[in-house]
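Report on the structure
So the chains spell out like this:
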Amino acid sequence: LTNGIEHVTGLSASWGNVNASGINGVSSAELQTLVNGDNVVTVGWNGHARSIVGYDAITGAYDIRNPYDTNHSSLTHADLINNGASIAWSNS
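A brief report on the enclosed structure follows. All figures in this text were calculated on a predicted structure; none of them were measured in a lab.

Looking only at helix α2 (residues 28–36), the buried set comprises L31, L34 and V35. Here the buried residues of α2 occupy an arc of 95° about the axis, which is enough to place them on one side. Opposite the packed face of α2, turned more than 90 degrees from it, sit the exposed residues A29, T33 and N36.

What follows concerns the sheet that holds strand β7 (residues 86–90). Judged by pairing direction, the sheet is mixed, and its seven strands sit side by side in the order β2-β1-β7-β3-β4-β5-β6 without closing on themselves. Two strands in the sheet have a free side with no partner beyond their single neighbour: β2 (25–26) and β6 (73–76). The sheet contacts of helix α1 (residues 2–9) involve β1 (13–18), β3 (41–45) and β7, and relative to β1 the element is tilted by about 150°. Set on the sheet, α2 makes contact with β2, β3, β4 (48–56), β5 (61–65) and β7; between it and β4 the angle comes to about 85°.

Parameters at a glance
Residues numbered from 1 in each chain as written. Predicted model: local features only at pLDDT ≥ 70, side-chain atom pairs only at ≥ 80, totals over all residues. Heavy atoms only, no water. Buried < 20%, exposed > 50% of the residue type's maximum accessible area, 1.4 Å probe, protein only. Helix = DSSP H or I, 4+ residues; strand = E, 2+ residues; numbered from the N terminus. Arc of directions from axis to C-beta. Pairing = 2+ DSSP bridges. Contact = heavy atoms within 4.5 Å. Axes fitted to C-alpha atoms, helices over the stretch in contact; angles between N-to-C directions.

Structure representation (structure tokens):
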């Protein structure tokens with residue numbers, strides 16, 4: 001996940017697993033900060049990367065875009081945990 005951000009943007013990137021806490025953990029609050037900040041954010045599960053382009057505070061869902069087709073998603077942090085997702089973000 002970090003390679004894509006680094007190659008496309010030229011920015012360094014970090015990664016973490018979607019969960020509440022722990023080593024390399026990305027909580028819902030941390031993910032919201034990344035998505036609402038000035039960061040490029042990607043999410044991956046099942047060997048496929050997607051981009052997170054927004055967050056809806058009313059529904060608690062992240063707007064996730066699939067670069068390979070029009071099968072986009074609107075998933076909560078809990079949904080991402082259930083998918084075993086990992087997150088990467090630009091360090092800017």
